[in-house]
Protein chains: 2
Amino acid sequence: MSGETPSLDEGIDKSAAIYQAAARIFHEKGYHATSINEIADAVQLTKAGLYYYIRGKQELLFGIMSYAMDQLEMHVLERARGEQDPETRLRTLITAHGRLITADSSALTILVNELEGLTHEQRREIVGRQRAYMDFIRSTLEALRAEGRLRDIDSTVGAFSILGMVLWTSRWYRPDGRLSRDQVIDEIANIALGAVVAERGSQRAGTGFVETLHKELP
Amino acid sequence: MSGETPSLDEGIDKSAAIYQAAARIFHEKGYHATSINEIADAVQLTKAGLYYYIRGKQELLFGIMSYAMDQLEMHVLERARGEQDPETRLRTLITAHGRLITADSSALTILVNELEGLTHEQRREIVGRQRAYMDFIRSTLEALRAEGRLRDIDSTVGAFSILGMVLWTSRWYRPDGRLSRDQVIDEIANIALGAVVAERGSQRAGTGFVETLHKELP
């Protein structure tokens, strides 16, 4: 028996390979359309062999989503939190999220598209973490507003719009495209910041200023 | 036999009901996970009865995507094409697309997510129409550039970013939310235009102008 049981290192390697294969196949075909046999085939295990490592398809889905949230929190949120200036914080967040998405979007795409495959409890956990991510973007926009550096926009719609721009990248970005990966990410950061950050000086000139002045005068 | 055959009007009504039911179920479960039996059940037909109206699941998918492209072309492209000023054209496009998406996003979402379910020929047709839509947005951005009214951005990334913002709305917009539908659409149009349109006067003042001047000087 013990000869058939993988060592700890082998077990970890095999588990990682299973999660990677499952993420790729879920991404290509969708969670519902993927059978556990296809995942077993992809990692050269029998179905019974696969169940040595995992409890089932739903556990794999939850594991992949948790991994994607770990990545977002570790590589994006953590890094952005270190920035004091709200504009720099937002640029850091967009750039880091863009880097993750253009590196390998399968887990991040599953995170967004397959929520209804989870149990009630699992979904509550993942949605809670997603909400915290959204709240961080929105609070960064409100920090800009507090400094008079936000356009006259709703911060919730602003946060969703930034997220939409960044997430959509996974659908059109091609590594062999006309622009390099860094160029694409820079462009997106510039476009997203342009969408929400007030132009320097624009608040002190033009119609806006005159209107404000009229309101402030007795 | 003739007594069992629906009249032309009945046939058209039933076909419409089948496409609507299929769009809803594909949207909820994904194309691959939906069986032809579920669609038949939803419109109270037997599987054989359903095949009186349609040739199969793939034809339904192609029909739904073609319908969604018809909607985009008729209600968004046509309307935007009527606008001479590129900024007004872009605002018209975003607003009209936003209205379609917040009315009923199922066909539009399927259009974006289920391309790989089509045959090669069908996919080529749909992708060609999607590309024409993208080209229209990009050419509108280039028209803004020609008038010196585009920010210093890549028009392809700009067009994809606008599309991402608008499409993402279908994932977060709730009819019973804090903002009305019109408010949400207005906010998105403002944010998207802010992302790409250069502020009036900003090109003639500030660092940008000085830098340009330095580059142009010998």
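Conventions and cut-offs
Residues numbered from 1 in each chain as written. Chains lettered and ligands numbered in written order. Predicted model: local features only at pLDDT ≥ 70, side-chain atom pairs only at ≥ 80, totals over all residues. Heavy atoms only, no water. Helix = DSSP H or I, 4+ residues; strand = E, 2+ residues; numbered from the N terminus. Contact = heavy atoms within 4.5 Å. Salt bridge = Lys/Arg side-chain N within 4 Å of Asp/Glu carboxyl O. Buried < 20%, exposed > 50% of the residue type's maximum accessible area, 1.4 Å probe, protein only. Buried area = accessible area lost by both parts, 1.4 Å probe. Polar contact = N/O pair within 3.5 Å; in protein donor to acceptor, adjacent residues only side chain to side chain. Least-squares fit on C-alpha atoms with pLDDT ≥ 70 in both. Axes fitted to C-alpha atoms, helices over the stretch in contact; angles between N-to-C directions. Left-handed = near helix turned anticlockwise from the far one by under 90°. Nonpolar A, V, L, I, M, F, W, Y, C, P; charged D, E, K, R; others polar. Expected span 1.5 Å × (residues − 1). Parallel < 35°, antiparallel > 145°, perpendicular 65-115°, else oblique. Phe/Tyr/Trp six-rings, centres within 6.5 Å; stacked < 30°, edge-to-face > 60°. pLDDT = per-residue confidence, 0-100. Bend = angle between axes of the 7 residues up to and from the residue.

Novice: Would you mind going over the overall build of chain A with me for this structure?
Specialist: Along the backbone of chain A there are ten helices and zero strands. Scanning chain A from its N terminus toward the C terminus, one meets helices and strands in the order α-α-α-α-α-α-α-α-α-α. Contacts spanning at least 24 positions in sequence make up 69% of the contacts within chain A whose residues lie at least 6 apart.

Novice: I keep staring at the pattern of salt bridges and nothing clicks. Help me out?
Specialist: A pair can form between side chains of opposite charge whenever their charged atoms are brought close. Residues and elements named next belong to chain A. Enumeration over the complete set of coordinates arrives at 30 salt bridges over all chains. Across the salt bridge formed by E78 and R81, the nearest N and O atoms sit 3.6 Å from each other. With E78 and R81 both in helix α4 (residues 57–81) and three residues apart, the pair spans about one turn of that helix. Exposure remark for E78: the relative accessible area of 51% places this residue in the exposed category. R81 gets classed as partly exposed once you look at its relative accessible area, which sits at 48%. Overlapping salt bridges bring together D85, E87, E147 and R149 as one network.

Novice: Help me understand the interface of chain B and chain A in this model?
Specialist: Often the size quoted for an interface is simply the accessible area lost on bringing the parts together. With 31 residues of chain B at the interface, the matching set in chain A holds 31 residues. Interface area lost by chain B to chain A is led by V157, W168 and I191 of chain B, which between them contribute 21%. If you look at where chain B meets chain A, you find four salt bridges. Across the pair D154 of chain A and R178 of chain B runs a salt bridge, and its minimum N-O distance is 2.9 Å. At the surface where chain B touches chain A, the tally comes to 14 residue pairs in polar contact (both at pLDDT 80 or more). Breaking the side of chain B that touches chain A down by element, the ones donating at least two residues are α1 (8–29), α6 (106–113), α8 (155–172) and α9 (181–196) of chain B.

Novice: Any chance you could explain the relation of the copies chain B and chain A here in plain terms?
Specialist: Both copies of the chain are related through a single rotation about an axis accompanied by a shift along the same axis. Of the two same-sequence chains, chain B is brought onto chain A (RMSD 0.0 Å, axial shift 0.0 Å) by a rotation of 180°. When the rotation and shift are considered jointly, the pair of chain copies conforms to a two-fold rotation axis. In terms of C-alpha distance to the rotation axis, chain B has A195 of chain B as its closest residue, with the C-alpha 1.9 Å off the axis. A shared interface surface links the copies, since 100% of the contact residues of chain B are contact residues in chain A too.

Novice: Help me understand the packing of helix α8 (residues 155–172) of chain A against α8 of chain B in this model?
Specialist: Packed helices, taken two at a time, are described by the angle their axes make and the gap between the axes. Running from N to C, α8 of chain A and α8 of chain B cross one another at 115°; their axes reach a closest spacing of 7 Å. Like other packed secondary-structure pairs, α8 of chain A and α8 of chain B cross with a definite hand, here right-handed. Seen from α8 of chain A, the contacting residues are V157, F160, S161, L163, G164, M165, L167, W168 and W172 of chain A; seen from α8 of chain B, they are V157, F160, S161, L163, G164, M165, L167, W168 and W172 of chain B. Class assignment for the residues of the contact of α8 of chain A with α8 of chain B results in 14 nonpolar, four polar and no charged.

Novice: Can you walk me through helix α1 (residues 8–29) of chain A in this structure?
Specialist: Each α-helix winds once per 3.6 residues, and so residues spaced three or four apart point in a common direction. All names here are of chain A. With 22 residues, α1 extends 31 Å from end C-alpha to end C-alpha; this agrees with the ideal 32 Å at 1.5 Å per step. Taken as a whole, α1 has its buried residues at G11, I18, A21, A22, A23, I25 and F26. Contact partners of the buried residues in α1: α2 (36–42), α3 (47–53), α4 and α6 (106–113).

Novice: Any chance you could explain the packing of α8 of chain A against α9 of chain B here in plain terms?
Specialist: Where α8 of chain A contacts α9 of chain B, the axes come no closer than 10 Å and their chain directions differ by 55°. In terms of orientation, α8 of chain A lies oblique with respect to α9 of chain B. The element α8 of chain A and its partner α9 of chain B pack so that their crossing is right-handed. The residues of α9 of chain B that touch α8 of chain A, namely those facing V157, G158 and S161 of chain A, are E187, I188 and I191 of chain B. Split into classes, the residues belonging to the contact of α8 of chain A with α9 of chain B amount to three nonpolar, two polar and one charged.

Novice: Explain the packing of aromatic side chains here, please?
Specialist: The geometry of an aromatic ring pair comes down to the distance between the two centres and the angle between the two planes. All chains considered together, the criterion is met by six aromatic pairs over all chains. Relative to W172 of chain B, the ring of F160 of chain A lies with its centre 4.6 Å away and its plane at 5°, an arrangement referred to as stacked. Taken together, the residues span two chains, with F160 of chain A in helix α8 and W172 of chain B in helix α8. Accessibility assignment for this pair places F160 of chain A and W172 of chain B in one class, buried.

Novice: Where do I start with unusual backbone geometry in this structure?
Specialist: Glycine aside, negative phi is the norm for most residues, and most peptide bonds take the trans geometry. With a phi close to 50°, Q44 of chain A is a non-glycine residue in the positive phi region. You can see Q44 of chain A is positioned in the loop between α2 and α3.

Novice: For this particular structure, what's the right way to read the confidence of the model for chain A?
Specialist: Low pLDDT means the predicted coordinates in that region are not meant to be read closely. Residue and element names in this part refer to chain A. Per-residue pLDDT for chain A has a mean of 88; in total, 90% of the residues score no lower than 70. Between residues 202–218, whose pLDDT stays under 50, and residues either more than four places distant or in other chains, the model counts six contacts. For this predicted complex, the interface score ipTM comes out at 0.83, while the overall pTM is 0.84.

Novice: Please clarify how helix α4 (residues 57–81) of chain B should be interpreted in this entry.
Specialist: The terminal C-alpha atoms of α4 of chain B lie 34 Å apart, and with 25 residues this matches the ideal 36 Å at 1.5 Å per residue to within 8%. Along its length, α4 of chain B shows its largest kink, about 30°, at E73 of chain B.

Novice: Help me understand the environment of G98 of chain A in this model?
Specialist: Residues and elements named next belong to chain A. With respect to the element layout, G98 can be found in helix α5 (residues 86–103). A relative accessible area of 10% means that G98 is categorised as buried. Taking the C-alpha atoms as reference points, G98 and M165, 67 residues apart in sequence, are found 9.7 Å from one another. What G98 contacts, discounting residues up to four positions off in sequence, is V166 and I185.

Novice: Where do I start with the environment of I64 of chain A in this structure?
Specialist: Residue and element names in this part refer to chain A. Looking at the secondary structure, you find I64 in helix α4. Distance from I64 to A22, taken between C-alpha atoms, is 8.3 Å for residues 42 residues apart in sequence. When sequence neighbours within four positions are dropped, the list of residues in contact with I64 reads Y19, A22, A23, F26, A107 and I110.

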